[in-house]
Amino acid sequence: MQTMRKRSVIKLIGLSALSLAALSACGKKEEPAAPAAPAPAAAAPAADKLKVSFMYVSPIGDGGWTFQHELARKAIAQKFGDKIETSMVESVPESADAERVLRDMAGQGNKLVFATSFGYQEFVQKAAADLKDVKFEHATGYKQADNVAVYDTKTFEGAYLAGIVAGAMTKTKTVGVVASVPIPEVVRNINSFVLGAQSVDPSIQAKVVWVNEWFAPPKESEAATSLINGGVDVMYQNTNSPAVLKTAEERGVYAFGKDGDMSAFAPKAHLGSAVIDWTPYYSKVVEDTLAGQWQTGNFWWGVKEGAMDLVKIADQVPQEIKDKVAKAKSGMKDGSFAVWTGPIQDNKGQEVLASGTVGDDAFLRGINFYVKGIEGAVPGAK
Ligand code: GUN
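This report concerns the structure included in the present document. None of the values given here were measured: they were computed from a predicted structure.

Cut-offs applied
- Residues numbered from 1 in each chain as written.
- Predicted model: local features only at pLDDT ≥ 70, side-chain atom pairs only at ≥ 80, totals over all residues.
- Heavy atoms only, no water.
- Helix = DSSP H or I, 4+ residues; strand = E, 2+ residues; numbered from the N terminus.
- Buried < 20%, exposed > 50% of the residue type's maximum accessible area, 1.4 Å probe, protein only.
- Contact = heavy atoms within 4.5 Å.
- Areas by Shrake-Rupley, 256 points an atom, 1.4 Å probe, with all protein chains shown as cover.
- Axes fitted to C-alpha atoms, helices over the stretch in contact; angles between N-to-C directions.
- Parallel < 35°, antiparallel > 145°, perpendicular 65-115°, else oblique.
- Left-handed = near helix turned anticlockwise from the far one by under 90°.
- Nonpolar A, V, L, I, M, F, W, Y, C, P; charged D, E, K, R; others polar.
- Polar contact = N/O pair within 3.5 Å; in protein donor to acceptor, adjacent residues only side chain to side chain.

### Focus: the overall build of the protein
Each helix and strand in the protein was counted, giving 12 helices and 14 strands. Looking at the protein as a whole, 54% of its 382 residues are labelled buried. Excluding contacts between residues fewer than 6 apart, the proportion of contacts in the protein whose partners are at least 24 apart in sequence is 68%. Accessible surface, the protein as shown: approximately 16,000 Å² in total, 54% of it carbon and sulfur.

Listed below in structure tokens is the structure:
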């Protein structure tokens, strides 16, 4: 594994046993064996390999967002074999540190670089402006350039599917979300979760607590506690760790896994995990790059493209609700169902989508309000 090793090893301390087991199982395949003899003539010389690097905001053992990116990195390393060489740096803050790491990756010969968090946007732009022979891929951002593409998954589809389950399982009729950083993606996910719950019972109310970070397990846990103390009995989160789920387990309420399959962290509290699979997109980008056909663009893949799913729905969830989830999912796949279909009102009583109107991508990317039933206001929204 061509990784910035010191940092990784330090950060690996504290990984859950589950994450470690899964990652080391994948990692083993990639460890180069000590060369006993000169490499066979057929092996591609290192210089011919496409070097691909990944920058992560949290540790690879977070069990969620970064863990899934790392699984996809392992998957493409295996798929493309000696055509590529991959590396990663984890726990890179969304600060000038990020630009330094990106320049360092380019300096080490990486020609394709994935920057996997929203807050890297300005640093990607700055580095890319100087490093024209490197293709940059920025997750969840919106600023493109000749050598910068942006990409994301439709995490709001997973949030909606989880919401359907939440709507059936809440007894207090109050669901809650531990929210991370107030960007449109996260606001869209909160709303989509609540829309899913209200598709089962329109009277359902929701509370949100913001932690203003992607990965901060103690804060995530505190936020979950305050939601529970406020009457919430089913929670979702947009943070990177299983802390919300673990808190739910301790307090005897329900929650979901997000980004990764978090079922093992809370066997009683877990109702399902809204998982992202980055592998199809990463495979496409590597394939295009190897073929000399990489292009900038804005790529947003969801359930339809196999990038998003709700998995491991708990046994105690009624069959009719499982069927409702399956129906929504198949509608997402064949295009007959869109989460954001009017009539939808914001929590001030304004109609934001008229009856029968489907929100297009521009609408979805600009959501800066809470839907009806959510308490409070989006931070910074007027
Ligand atoms: N975790 C770290 N960065 C991000 C991001 O940009 N989006 C989401 N959903 N989760 C993250």
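### What about the packing of helix H6 (residues 155-169) against helix H7 (residues 184-198)?
Where H6 contacts H7, the axes come no closer than 6 Å and their chain directions differ by 30°. Judged by the angle between their axes, H6 and H7 are roughly parallel. Once H6 is placed against H7, the crossing between them reads as right-handed. Side by side, H6 and H7 meet where Thr155, Phe156, Ala159, Tyr160, Ala162, Gly163, Ile164, Ala166 and Gly167 of the first sit next to Glu185, Arg188, Asn189, Ser192, Phe193, Leu195, Gly196 and Ala197 of the second. Partitioned by chemical class, the residues of the contact of H6 with H7 number nine nonpolar, six polar and two charged.

### Side note on the side chain of Asn110
Looking at the secondary structure, you find Asn110 in the loop between helix H4 (96-107) and strand S3 (112-115). Polar contacts involving the side chain of Asn110 include one to the main-chain amide nitrogen of Val52, which spans 3.3 Å. Among the polar contacts made by the side chain of Asn110, one reaches the main-chain carbonyl oxygen of Met105 at a distance of 2.9 Å.

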